[in-house]
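Report on the structure
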Amino acid sequence: MKDDHRPDPDALLAQVQREENQEKRGRLYILLGMCPGVGKTYAMLLLARQRQNDGLNVLIGVVETHGRKETAALLENLTLLPRKKIEHGGHTLEEFDLDTAIQRRPDLLLVDELAHTNAPGSRHLKRYQDVLELLDAGIDVVTTLNVQHIESQVDIVRQVTGVAVHETVPDSLLDRAHEIQLIDLSVEKLMVRLGEGKVYMGERAQAAAEGFFREGNLTALRELALRFTAERVDRDLEDIRKARRVSSPWKTNARLLVAVGPTPYSESLIRWTRRASGRHGCPWLAVWVESTRPLSDPEQDLLARGLGLARRLGAEVVHATGDDVAATLLDVARERNVSQIVVGKANRRSRWKPTLADKIIAGSGDIDVCVVRPVIGRPSNRPELRRRSFAVSNRIHEYGIAFGIIAVLTAVCWQIEHVVGYTVPALVYLLAILLAAFRIGRWPMIFMAALSALAWNFFFIPPRFTFEVRALEDVILLVMFFAVALCMGHLTTRLRTREIAERRRQIETDALLRVTQSAALAPEMGKGLSEALKIINSVIDADTALVVRKLDHSLPSVAHAASTWQPLDHELGVANWAYANKQIAGRFTDTLPQSEATWFPLQTATSVMGVLGLRLTGEATALDFIRRQAVEAFALQLALVLEKEHFIQAVSQAEVMDKSERLRRNLLDSVSHELKTPLAIIRASIEGMGTAAANPYVAEIDTATKRLQRLVDGLLQMTRLESQVVEPQMEWCDVNELVESAVKAAGDALKSHELKIEVSPDIPLIKTDQALLSQALANILHNAAVYTPGNSPVELTVRHAEQKLRLTVHDHGPGLPPGEESRVFGKFYRAAGAPAGGTGLGLSIARGFVQALGGDIAGWNHPQGGAVFEILLKAEFLAQDDGACLPDRIAQTSGT
C-alpha cells in the first residue's frame, strides 16, 4: 500500500469519537431558505406528517404559521406542545416549553425559527440554545432557518441589503446538523406570493416589497443560500471520500489565523475567516496579543465579544503576550504551522508609520497574508457608553492634575527666579514630569511636557511674557528641554504601564499557585478548599460558592462548607444546568442571565467535578474579560485538584474491592468444590431409597438436592467466567436439539407453565458451542418460570436473518423493575419480592456465556405485559449446498 493512500490514524480516531458522540446525541435537520416565505415551515410540517405515518412519535414544539391558511391546515392530526407562559413587564408572553419537551421525549420534535430570541425570563437567551439542549438529551429536532441569520454571513447580508441582522445562529451549530435541506424558490415566484399576501399581510407586505424584498436583495440572498448549501455538500463529499479511503485531489493542510483585537472590526474579520475555513475545510485560530497597555472597559467589552464570537464559530482561541503585535502573531503562526494570516485593511495609511498589515507582510516569509476590508461591528450598548464617559472624565481629571502641577511650579519658580536664574525652572519642570509620569497617562504626560515648555518660554526665557526667543542658545535649550521632557515622560509612562501589567500578571500567577497549593497540599481537603476560595475572593473581589458532585455524579442541594455564600434553590438550578451541559451559565452569559451569580463548570479532560459560582461584590459591576480568564484558570485548577482526590479515593476503594473479590472468589471456589462430592453421594442415595410415592420424604430431599445442585453449578460456572477459562468449542449443531436440551436443563420449574416454542422451519445448522448456548437459554427459561405466576405461558421464539440468530423468551409475569432493565444481569441481583431459594446468578451467567460466544443479551418490558429477554448471536450457518457433505463434517469435528 502506498503511503499516500494510507489512512491517518489520528483522523480515524477522531472520526470514531465523532460518530460515538453523534450516536448519543439527537439528530438535527435544518430546512434552509433564502428569506421568509419560501415554504420552510410548510415543508417541515409535510415532513412531520410523513414521519408520523411511518410510526414515529412526532411532537410540534413551536410553529409560526403567520396566518397562512395552507400552512395551518397541515397542523391537523399533529400533536402540539402547549406553550409556556412568562410574565414580563405586566404582559404575558408565550414561549417554547423546553422542560416539557425533554420530559415527553418524542422521536421527532419540530422547532420553528431557529434564530428566534427568547422572551426575558427564559432559560436561554436564544432558541438555538434550546435546540442544543434538546440534542444533548438525545431528541431529534427539525427546524427552519434563513441564510441571513447564519453568523458567518451577517456582514455580506449587511453589505448587500443594508440591513443589520441581530438574531444570528453560530456556524458551529450548523456543523452539528445531520442534514441541511435547501428550500428553494425563484425570485419571481416569491414576488408573486408576496403580492398574493402569502408571505406578509396588508401594510406589512407593502413595506416588505419596498424594503427588504427588492429583487436585487432576493437574488443576492438566493445566491448566498445556494453557495452555502454547495459548500456543505462539498464538505460532506470530502468526509465520504475520507471514510472510503479515497485519495482526494483537493486535499489541503491549510490552517488559518485571524488577529483579534479590542476593535469593532474584529467580528467582521472573524466571520470572514470562518467562511474561508469552511470553504477549505481546515481549522483556524483566533489570536489575541496582550500588550502592556491596559485596556479600557469599552475595549475589554469589544475584545470579549470578539473572542466569544470566535469560540461560538468553532475557532481555537490563542492568547499571546508581547508589545510587538506583528512579531508575536508571526511567532504564533510559525509555531502552529499556519498557512495563511488574515488581517484587516487600515482605513487610513500613514506615510511614515507602517500599518499592522505592512509589518506582517514584511516578516511573513512563506506564510500567505490575506488583507481583508472589514465591516464595523454592531454598536455598543448603553452601559458601555456610560463606562466610556467615565473613562473620559477620568482622563480629563489627569489633564487637570498636569495643569495644576505646572501652575504651582511656575508660581514657585517665579519667586526664586531672581536668585537661581531662568535655567533652574527647566530642571524643576523635568523633575515634575518624571514624577508625574508614574501617576498619569501618556497623553496627559505629553500635554504636561508641552505646557511646561510653553510656561518656561513665556515666564522665564527673555524676553518675558512673549513666546519670542532671540538668543540662539535659548532656542537650543528650549528645543532640547521639550525633547528631553517628552522622552523622559514617555519612557517613564511606558515603564509604569509595563510595571502595572507585570504586577497584575504576577498577582494572578501567585494567586493561581497559592490556590493550587492550598487545595492540593492541605492535610484536610475541606480546609484546603476553604483557603483556596478565600484567595479567589480576594483576587476577583467576589463571593464564591463551590458545589462538588456526589459519588452518584449528581450535585448536592447545598454548597460546600468552604463556600463564602450559600445559593438559593433557583441558583442551584442554574448550577445544575451548567454542570449537566458543561457550559458557563448565569449572570453575564446568554443562559439564565437573570441569575445572581455566574457558574463555571469544574471540567477536566475526563469529567466534570462540580461547579464554581461567582457573585461579584464591591464596586465590580461586570465580569470583564481579564477577570473571566482568571476565574476560568482558578476553576480548572480546582477541578484538577478535585479529580486527583477522586482518583485517590477510587484507587483506595478499588484495592479494597479487589481484595474482597479475591477472598470471595476463593471462598466460593472452595465451597462449590467441597459441596460437589457430598451432593453426588446424596443423589445416589436418593435413587436407592425408592420412589417418592413409597416415601414422601424422598421427594422433599430430591427437590432440595436439585436446588442445591443448581446453586453449586451456578457458583462453578461463575468461577469459570471470572477466571476467563471459558473457551467455546465450536461445532455444527441443530437448533431444535439445542432448544430441547435447554428446556430439559431448565428443570421442573417449567412444568407448571405452558411452554410455547416457535422455531423457524428454515433455520439451517449453526456453528456454535451447544453446551454454552443451551445453558444460557436454560437459565433464561428457568428465570421466566420462577418469576411468573403458575400456569402463565412462556413463549420461546427462534429466528435467523443476516447471519444472526435470535432467541427470544417472553413471559407473562410482572415484568422487570422500571429503570433496572440492565441491572438484572449483575451478579447476585435479586429484585424486590423475588421468591426464596435463588442466588441471582442465572442471568449473569447467561450473559457471560453469550458474550463468550460473541453475542449479547438484552431485556426489556413488553408493551402488553411481561418481560422479554433476547439472545442475539452472530454465527455461521450451514449453506444449503453443503448438505451433502454434512455427515463428513460432523464426523470430522467429533473425531477431532
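Each chain carries its own residue numbering, running from 1 in the written order of its sequence. Thresholds applied to this predicted model are a pLDDT of at least 70 for local features of residues and 80 or more for the giving and counting of side-chain atom pairs; totals over whole chains, interfaces and linings are not thresholded and use all residues. The side-chain quantities take in all heavy atoms of the structure and omit both hydrogens and water.

1. Some details on the overall build of the protein chain
Helix and strand assignments come from DSSP, with helices taken as H or I runs of at least 4 residues and strands as E runs of at least 2, each series counted from the N terminus. Secondary structure assignment for the protein chain yields 26 helices and 25 strands. Burial analysis of the protein chain (896 residues in total) assigns 41% to the buried set. Approximately 47700 Å² of the protein chain is accessible, and the part contributed by carbon and sulfur atoms is 54%. Exposure categories follow from relative accessible area, calculated using a 1.4 Å probe and restricted to protein chains: below 20% of the type maximum is buried, above 50% is exposed, and the middle band is partly exposed. To be clear on the numbers: accessible area is Shrake-Rupley with a 1.4 Å probe, and residue cover counts the displayed protein chains and nothing else.

2. Quick word on the packing of aromatic side chains
The rule is short: rings of Phe, Tyr and Trp, with Trp giving its six-membered ring, pair when the centres are within 6.5 Å, and they are stacked under 30 degrees, edge-to-face over 60, tilted in between. Within the structure shown, the criterion is met by 11 aromatic pairs. A connected cluster of aromatic rings, assembled from ring pairs, spans Trp414, Phe458, Phe459, Phe460, Phe465 and Phe467. Charge-over-ring contacts are defined here by two conditions on Lys NZ or Arg CZ: a distance within 6 Å of the ring centre and an angle within 35 degrees of the ring normal. If you follow arginine 847 out to its NZ or CZ, it ends over the ring of phenylalanine 825, 4.3 Å from the centre.

3. Observations regarding the environment of glutamine 770
The residue glutamine 770 is located in helix α24 (residues 770-786) in this model. You can call glutamine 770 buried: its relative accessible area is 19%. Separated by 29 residues in the primary sequence, glutamine 770 and serine 741 place their C-alpha atoms 9.0 Å from one another. Here, residues are in contact when the closest pair of their heavy atoms is within 4.5 Å. If we ignore the near neighbours within four places in the chain, the residues touching glutamine 770 are Cys733, Glu737, Leu738 and Ser741.

4. Let's talk about the confidence of the model for the protein chain
Residues of the protein chain with pLDDT of at least 70 account for 81%, and the chain-wide mean is 79. Scored between 0 and 100, pLDDT is the confidence that the predictor attaches to each residue. In this model residues 246-252 is a low-confidence stretch, pLDDT under 50, and it forms 10 contacts with partners more than four residues away in sequence or in other chains. Throughout residues 379-391 the model reports pLDDT below 50, and contacts reaching past four residues in sequence, or to other chains, amount to eight contacts.

5. Concerning the sheet that holds strand β16 (residues 598-603)
Any two strands between which DSSP finds at least two bridges are classified as paired. Strand order in the open sheet formed by four strands is β14-β17-β16-β15, and the pairing between neighbours is antiparallel. The two strands at the open ends of the sheet, each matched to only one other strand, are β14 (542-548) and β15 (585-586). Of the pairings in the sheet, the one linking β14 to strand β17 (residues 608-616) comprises seven bridges and is antiparallel in character. Looking across to β17, one finds that alanine 545 is bridged to glycine 613.

6. Some remarks on the sheet that holds strand β18 (residues 731-733)
Strand order across the open sheet formed by three strands is β18-β20-β25, with antiparallel pairing between neighbours. Looking at strand neighbours, the two that pair on one side only are β18 and β25 (876-877), the edges of this open sheet. Looking at chain direction, β18 and strand β20 (residues 766-768) are connected through three bridges and run antiparallel. Each residue of the ladder has a partner; that of cysteine 733, found in β20, is isoleucine 766.

7. A look at helix α5 (residues 127-136)
Burial within α5 is extensive, with nine of its 10 residues counted as buried. Along α5, the residues that are buried comprise Arg127, Tyr128, Gln129, Asp130, Val131, Leu132, Glu133, Leu134 and Leu135. Glycine 138, located one to two residues past α5, shows a positive phi value of around 85°.

8. A short note on the environment of alanine 680
Summarising the element assignment, alanine 680 is placed in helix α21 (residues 625-688). Sequence separation of alanine 680 and threonine 705 is 25 residues, and the distance between their C-alpha atoms is 9.5 Å.

9. Overview of the environment of serine 752
With respect to the helices and strands, the residue serine 752 is situated in the loop between α23 (735-746) and β19 (755-759). Considered as a pair, serine 752 and serine 792 are 40 residues apart in the sequence and their alpha carbons are 8.1 Å apart.

10. Some remarks on the pairing of strand β1 (residues 28-33)
Along β1, six of the six residues are buried, which leaves the element largely enclosed by surrounding structure. The alternating pattern of β1 places Leu28, Ile30 and Leu32 and Tyr29, Leu31 and Gly33 on opposite faces, both of which are buried. When β1 meets strand β8 (residues 179-182), the two strands line up parallel, connected through four bridges. The partner of tyrosine 29 across the bridge, within β8, is glutamate 179.

11. Looking at the packing of α23 against α24
Look at α23 against α24: their axes get within 8 Å of each other, and the N-to-C directions meet at 50°. In terms of orientation, α23 lies oblique with respect to α24. As α23 packs across α24, the resulting crossing turns out to be right-handed. Mapping the contact onto sequence places Glu737, Leu738, Val739, Ser741, Ala742, Val743, Ala745 and Ala746 in α23 and Gln770, Leu773, Ser774, Leu777, Ala778, Leu781 and His782 in α24. In this classification, the charged set is Asp, Glu, Lys and Arg, the nonpolar set is Ala, Val, Leu, Ile, Met, Phe, Trp, Tyr, Cys and Pro, and all remaining amino acids, among them Gly, are polar. Among the residues forming the contact of α23 with α24, the class breakdown is 10 nonpolar, four polar and one charged. Axis angles are defined between N-to-C directions and span 0 to 180 degrees, where every axis is a line fitted to C-alpha atoms and, for a helix, only to the segment in contact. Orientation categories follow fixed angle ranges, with anything under 35 degrees roughly parallel, anything over 145 roughly antiparallel, 65 to 115 roughly perpendicular, and all other angles oblique. Crossing handedness follows the turn of the near helix against the far one: under a right angle anticlockwise gives a left-handed crossing, and clockwise gives a right-handed one.

12. Some points on the packing of helix α16 (residues 424-436) against helix α17 (residues 442-459)
Packing of α16 against α17 brings their axes to within 10 Å, and their N-to-C directions diverge by 170°. When the axis of α16 is compared with that of α17, the two are roughly antiparallel. For the pair α16 and α17, the sense of crossing is right-handed. For the pair α16 and α17, contact is made by Pro425, Ala426, Tyr429, Ala432, Ile433 and Ala436 and by Met448, Ala449, Ser452, Ala455 and Trp456, respectively.

13. Side note on the nonpolar core
Nonpolar cores are built from buried Ala, Val, Leu, Ile, Met, Phe, Trp, Tyr and Cys residues. Side-chain atoms within 4.5 Å join them into one set. Counting residues in each nonpolar core, the largest one holds 61 residues, and the members touching the most others are Phe96, Leu134, Leu145 and Leu190. Core analysis: the next-biggest nonpolar cluster, separate from the first, contains 42 residues, Cys733, Ala742, Leu750 and Leu841 among them.

14. Some thoughts on unusual backbone geometry
Omega for the peptide link from proline 462 to proline 463 comes to -5°, which places this bond in the cis form. With respect to the helices and strands, the residue proline 463 is situated in the loop between α17 and α18 (472-521). Within the chain, phenylalanine 465 stands out as a residue other than glycine whose phi angle is a positive 60°. Within the secondary structure, phenylalanine 465 is located in the loop between α17 and α18. Even without being a glycine, lysine 582 presents a positive backbone phi close to 55°. For lysine 582, the position within the fold is in the loop between α20 (569-581) and β15.

15. Here we look at the pattern of salt bridges
Oppositely charged side chains can pair when the atoms bearing their charge come close. Salt bridge, as used here, is a side-chain nitrogen of Lys or Arg placed within 4 Å of a carboxyl oxygen of Asp or Glu. Scanning the entire structure with this criterion turns up 22 salt bridges. Note that glutamate 151 is salt-bridged to arginine 271, the shortest N-O span being 2.6 Å. Placement of glutamate 151 in the loop between β7 (140-146) and α6 (154-161) and of arginine 271 in helix α11 (residues 266-280) is noted, with a sequence separation of 120 residues between them. Accessibility assignment for this pair places glutamate 151 and arginine 271 in one class, buried. Notably, a salt bridge pairs aspartate 155 with arginine 271, separated by 3.2 Å at the nearest N-O pair. Taken as a pair, aspartate 155 in helix α6 and arginine 271 in helix α11 lie far apart in primary sequence, 116 residues in all. We classify aspartate 155 as buried; its relative accessible area is 3%. Of the residues examined, arginine 271 reaches a relative accessible area of 1% and is grouped as buried. Several salt bridges share partner residues, and in doing so they unite Glu151, Asp155, Arg158, Glu267, Arg271 and Arg305 into one network.

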